[in-house]
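Here is how the chains run, residue by residue.
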Amino acid sequence: MRFCCSLSSISRTTPMFLATPPLIVTLGSTLTRFNRLTLRSAMASTGRTVVIGDVHIGAESSIWPGAVLRGDYGRITVGARTSIQDGSVIHATLEMPTHIGDGCVVGHLVHMECCTVEDGALVGSGSIVLHRAIVRKGALVGAAALVPNDMEVPSGAMALGVPARIRPDAVHPRMIELNAESYVQNTRRYLAELRRID
């Protein structure tokens, strides 16, 4: 399927999918919620984004190639200006939703399920965040860390290792803000410059 619309019609208030075409489906009576202009803004890439079921995605958020957001059992919420990077898998259950706040960075190949990531947090590449875990505002989960069930990562702290250990007051919030902003800018660059060559 090809999308035939002008890039000039893309609103900055819509989330942006960088796979072609994204697979976005409903499951039963649940609806995936985002502005329908998102479908028209899908661009060519090497992977496929999959969004299923009860998934809500905020304005200017980006879902990168190979990411899977599967809201078949429960709700997944992604705030505004958040990036879900390549190959990440996000899931929820009937009893426990998954919530990712505004201005967050979710790195490559992250697995998140039934957890809460508050605004301005960063979850590093290859990490796992499990049931009822809370990553507080401005906290950071290090690459390849395991945040087990019921763990709380305090604001400004790093969670490092397997299982994660907390290093308090180790994160400067501006570092995460700059990282999140760089993904918003990179998404705009992709929308403006990415072209299929086949």
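Residues numbered from 1 in each chain as written. Predicted model: local features only at pLDDT ≥ 70, side-chain atom pairs only at ≥ 80, totals over all residues. Heavy atoms only, no water.

### Concerning unusual backbone geometry
At step 1: Cis peptide bonds are those with omega within 30 degrees of zero, and the linkage from Val162 to Pro163 qualifies with -15°.
At step 2: Inspection of the secondary structure assignment puts Pro163 in the loop between β18 (158–160) and β19 (165–167).
At step 3: Positive phi values are uncommon outside glycine, yet Ala144 reaches one of about 65°.
At step 4: Its location among the elements puts Ala144 in the loop between β15 (140–141) and β16 (146–147).
At step 5: The class for Ala144 is partly exposed, based on a relative accessible area of 48%. (Helix = DSSP H or I, 4+ residues; strand = E, 2+ residues; numbered from the N terminus. Buried < 20%, exposed > 50% of the residue type's maximum accessible area, 1.4 Å probe, protein only.)

### Focus on the confidence of the model for the protein
At step 1: Chain-level pLDDT for the protein is 82 on average; 75% of the residues reach the 70-or-more range.
At step 2: This stretch, residues 1–12, has a pLDDT under 50; its non-local contacts, to residues over four places away or in other chains, come to 19 contacts.
At step 3: For residues 35–46, every residue scores under 50 in pLDDT, and the model assigns this stretch 39 contacts once sequence neighbours within four places are set aside. (pLDDT = per-residue confidence, 0-100. Contact = heavy atoms within 4.5 Å.)

### Focus: the nonpolar core
At step 1: Residues Leu69, Ile84, Ile100, Met112 and Val147 are the most contacted members of the largest nonpolar core, which totals 32 residues.
At step 2: Elements with a minimum of two residues in this core: β3 (50–57) and β5 (68–78).
At step 3: Contact partners of Val147, with chain neighbours within four places excluded, come to Ile128, Val129, Leu130, Ala133, Val141, Val153, Ala159 and Ala164.
At step 4: With 7 residues, the next largest nonpolar core counts Val105, Leu122, Leu140 and Ala180 among its residues. (Core = buried A, V, L, I, M, F, W, Y, C linked by side-chain atoms within 4.5 Å.)

### Focus: the packing of aromatic side chains
At step 1: Tallied over the full model, the rule gives 1 aromatic pair.
At step 2: Judged by centre distance (5.8 Å) and plane angle (85°), the rings of Trp64 and Tyr183 are edge-to-face. Here Tyr183 lies in helix α2 (residues 173–193) and Trp64 lies in the loop between β4 (62–63) and β5, a separation of 119 residues in the sequence. Pair check on accessibility: Trp64 and Tyr183 agree, each one buried. (Phe/Tyr/Trp six-rings, centres within 6.5 Å; stacked < 30°, edge-to-face > 60°.)

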